[in-house]
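Structural description and commentary
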Amino acid sequence: MSKDTLSIRHNGTGHEVEYPLLNGTLGKQTVDVRGLYKDLDCFTYDAGFKVTASCKSKITYIDGEKGILLYRGYPIEQLAEKCSFIEVAYLLMNGELPNVEQLDYFDNEIRHRSMLHESLRHFFEGFSYDAHPMAMLVGVVGSLSAFYHSEMDMSDPEHRRVCAARVLGKMPTIAAASFRHSVGKPFVYPRLDLGYCENFLNMMFSRSSPNYIDPNFTVDDKLSKALNILFILHADHEQNASTSTVRLAGSTGANPYACIAAGVAALWGPAHGGANEAVLNMLAEIGSVDRIPEFIARAKDKDDPFRLMGFGHRVYKNFDPRATLIRKTCHDILADSNKDDPLFELALELEALALKDDYFIEKKLYPNVDFYSGIIYKALNIPVEMFTVMFAIARSAGWLAHWLEMVSAESAPIGRPRQLYLGETNRDVIPLAER
Ligand code: SDX
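The following paragraphs examine the structure supplied in this document.

As a further point, take the overall build of the protein chain. For the protein chain, the helix and strand inventory stands at 18 helices and six strands. A compact globule built from 435 residues would reach a C-alpha radius of gyration of about 22 Å, and the protein chain, at 24 Å, matches this within 12%. Overall size of the protein chain, expressed as C-alpha extent along the three principal axes, is 80 × 65 × 60 Å. Sequence separation of 24 or more characterises 70% of the internal contacts of the protein chain that already satisfy a separation of 6 or more. Taken as a whole, the protein chain presents about 22,100 Å² of accessible surface, with 54% of it coming from carbon and sulfur. Taking the average location of the 45 positive side-chain charges in the protein chain and that of its 56 negative ones, the two points are 2 Å from each other.

What follows covers a positive patch on the surface. A surface patch of like charges, here positive, comprises Lys50, Lys302, Arg307, Arg314 and Lys363. Checked against the element boundaries, Lys363 lands in the loop between helix H16 (358-362) and helix H17 (369-379). The exposure class of Lys363 is partly exposed, given its relative accessible area of 36%.

Inspection of the sheet shows strand E1 (residues 5-10) paired to strand E2 (residues 15-22) by six bridges, in the antiparallel sense. In the strand pairing of E2, Leu6 is matched with Tyr19. Once E1 ends, the chain turns through four residues before running back antiparallel as E2, passing Gly14 with a positive phi of about 80°.

As a further point, take the packing of aromatic side chains. Tallied over the entire structure, the rule returns 19 aromatic pairs. Residues Phe85 and Tyr196 carry aromatic rings whose centres are separated by 5.2 Å and whose planes lie at 40° to one another, so their mutual orientation is tilted. Of this pair, Phe85 sits in helix H3 (residues 85-94) while Tyr196 sits in helix H8 (residues 196-205), and the two are 111 residues apart along the sequence. Of the two residues, Phe85 and Tyr196, neither departs from the other in class, the shared state being buried. Measuring from ring centre to ring centre gives 5.8 Å for Phe311 and Phe360, while their planes differ by 70°; the resulting arrangement is edge-to-face. On the criterion of sequence distance, the pair formed by Phe311 in the loop between helix H13 (292-300) and helix H14 (321-336) and Phe360 in helix H16 is long-range, its members being 49 residues apart. Of the two residues, Phe311 and Phe360, both sit in the buried class.

It is worth spelling out H17 at this point. With 10 of 11 residues buried, H17 is to be regarded as a mostly interior element. Put simply, Asn368 is the residue that caps the front of H17, since its side-chain oxygen is 2.9 Å from the backbone nitrogen of Asp370.

By nearness alone, 26 residues border the ligand, and His237, Arg307, His313, Arg314 and Lys317 come closest of all. Between Gly310 and the ligand, the recorded distance is 2.8 Å, taken from a backbone N or O atom to an oxygen atom. Here the ligand loses 81% of its free accessible area of 1,100 Å² to cover by the protein chains. Counted by class, the shell around the ligand contains 10 nonpolar, seven polar and nine charged residues. Counting only domains with at least three residues in the shell around the ligand, you end up with domain 2 (74-266 + 388-408) and domain 3 (275-379).

Grouped together as the largest cluster of nonpolar side chains are 117 residues, with contacts concentrated most on Tyr71, Leu137, Leu168, Phe200, Phe231, Leu308 and Leu350. Looking at which element gives the most residues to this core, the answer is helix H18 (residues 387-407), with 14 residues. Both of domain 2 (74-266 + 388-408) and domain 3 (275-379) provide at least three residues apiece to this core.

A separate point is the pattern of salt bridges. Enumeration according to the criterion identifies 19 salt bridges in this entry. Here Arg298 and Glu285 are joined by a salt bridge, their closest N and O atoms 3.8 Å apart. In this pair, Arg298 sits in helix H13 while Glu285 sits in helix H12 (residues 275-286), placing the two residues 13 residues apart along the sequence. Relative accessible area serves as the criterion here: at 42%, Glu285 is assigned to the partly exposed category.

Time to look at the packing of helix H7 (residues 157-182) against H18. Between H7 and H18, the shortest axis-to-axis distance is 9 Å and the interhelical angle comes to 170°. Put simply, H7 runs roughly antiparallel to H18. Listed contacts from H18 to Arg160, Cys163, Ala164, Val167, Leu168, Met171, Pro172 and Ala175 of H7 are Val389, Ala392, Ile393, Ser396, Ala397, Trp399, Leu400, Trp403, Leu404 and Val407.

Definitions and cut-offs
Residues numbered from 1 in each chain as written. Predicted model: local features only at pLDDT ≥ 70, side-chain atom pairs only at ≥ 80, totals over all residues. Heavy atoms only, no water. Helix = DSSP H or I, 4+ residues; strand = E, 2+ residues; numbered from the N terminus. Rg over C-alpha atoms; globule rule 2.2 N^0.38 Å. Contact = heavy atoms within 4.5 Å. Areas by Shrake-Rupley, 256 points an atom, 1.4 Å probe, with all protein chains shown as cover. Lys, Arg positive; Asp, Glu negative; His and termini not counted. Charge placed at Lys NZ, Arg CZ, Asp CG, Glu CD. Patch = residues over 30% accessible without salt bridge, like charges linked within 9 Å, V, L, I, M, F, W, Y side chains within 5 Å. Salt bridge = Lys/Arg side-chain N within 4 Å of Asp/Glu carboxyl O. Buried < 20%, exposed > 50% of the residue type's maximum accessible area, 1.4 Å probe, protein only. Pairing = 2+ DSSP bridges. Phe/Tyr/Trp six-rings, centres within 6.5 Å; stacked < 30°, edge-to-face > 60°. Polar contact = N/O pair within 3.5 Å; in protein donor to acceptor, adjacent residues only side chain to side chain. Near = heavy atom within 4 Å. Nonpolar A, V, L, I, M, F, W, Y, C, P; charged D, E, K, R; others polar. Domains from an automatic or database assignment. Core = buried A, V, L, I, M, F, W, Y, C linked by side-chain atoms within 4.5 Å. Axes fitted to C-alpha atoms, helices over the stretch in contact; angles between N-to-C directions. Parallel < 35°, antiparallel > 145°, perpendicular 65-115°, else oblique.

Okay, structure coming up:
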């Protein structure tokens, strides 16, 4: 019996089968149970896929116990310190950091793909004035598939590359347009002379309009640097819910723009990317330090659905390394802007009290990436309802990297999980008159 196998014995039939244990370059062994149904006539059950490897990937590695996060083998701390978001997006999508020539070409292409088709720009006029920016984002990103029909042969690597560059280039423009519509301001066109983060901040906050460019508006360098770090930290995270959604949609051969729209929709949930908005709303509800114990007690109460937003993670049972980096950026931003944001002080106090609480210690619940990001976005004057949109811009790099990896794989079977059926057994329909 090989040490690199796992034997599974069906004690009802006495039938025992050995399954191979697959070794990755890092991380836990995985047992390949694809033959289980044929061999032992049963399925596995793993609601929420907590211990299920859905694919093989070379993009991102997380060690939840040690609080490690690597993008293509590079520690997130080094990437956040030494790279631009566009460099990291190139790394995630291509597997290697770009050299100067490759970065120039990629950056230039992304800038040139930031424009929207004029008819698509008019979509925003159809949204209600108080539509949530995420509702507009999910709708307009999905609508890209109604405008860009060329380069749709997914067997062609160049077509795949163009689709990915289009999405990465247009996400900030669509996101900023969603915000401008929600506050009744004119759309601001992207500019070719600005980098990715600067362009986004200009489209968000410039006083420009279609026929007027405000010559005096300049993007605050500190803000675009902070945004660059936030985008890098949010760019990818292995098989999280929204990335798994993109892979599942992509496994059917669906239009790539529709797949990314599916990822945007999944990210919106407060248990996932919507948590940063939920953290700010929670801090506002707590209101003052003396009410923190009341909310910690509610988070521990099994009969109370309240959860401490920004705490806990499916994978990290240690500090989320991104939260550590974001916490520092938070301090720097608030110190620079001389802002003693009461919400930040409240967040620090909540963190300190929660981390001392036996429940949080026992359940290994630490602040995650969303705990501090909202406070920085608030300091950057980004409105709360735009927080998850910011997450979506950054995560589009990761979604695209996983989509590219999946569609270019030799075998990418359509995702089709099974179930444990608990419904009615076979029964006959009784005619309506007799029911
Ligand atoms: C993101 O997957 C990713 O990688 C996601 C992400 C990414 O980059 O893509 O990292 C981004 O989504 C971060 C998470 C943002 N969400 C929140 O901050 C919302 C609050 N957090 C929880 O909803 C929760 O922690 C989850 C959803 C993040 C994880 O849920 P799990 O997998 O069910 O957590 P778990 O299994 O580790 O929970 C263990 C226990 C449970 O209690 P018991 O059933 O054992 O009694 O801890 C409890 C949970 O009820 N628990 C919490 C809690 N989180 C977990 N109790 C109170 N407050 C919390 N926040």
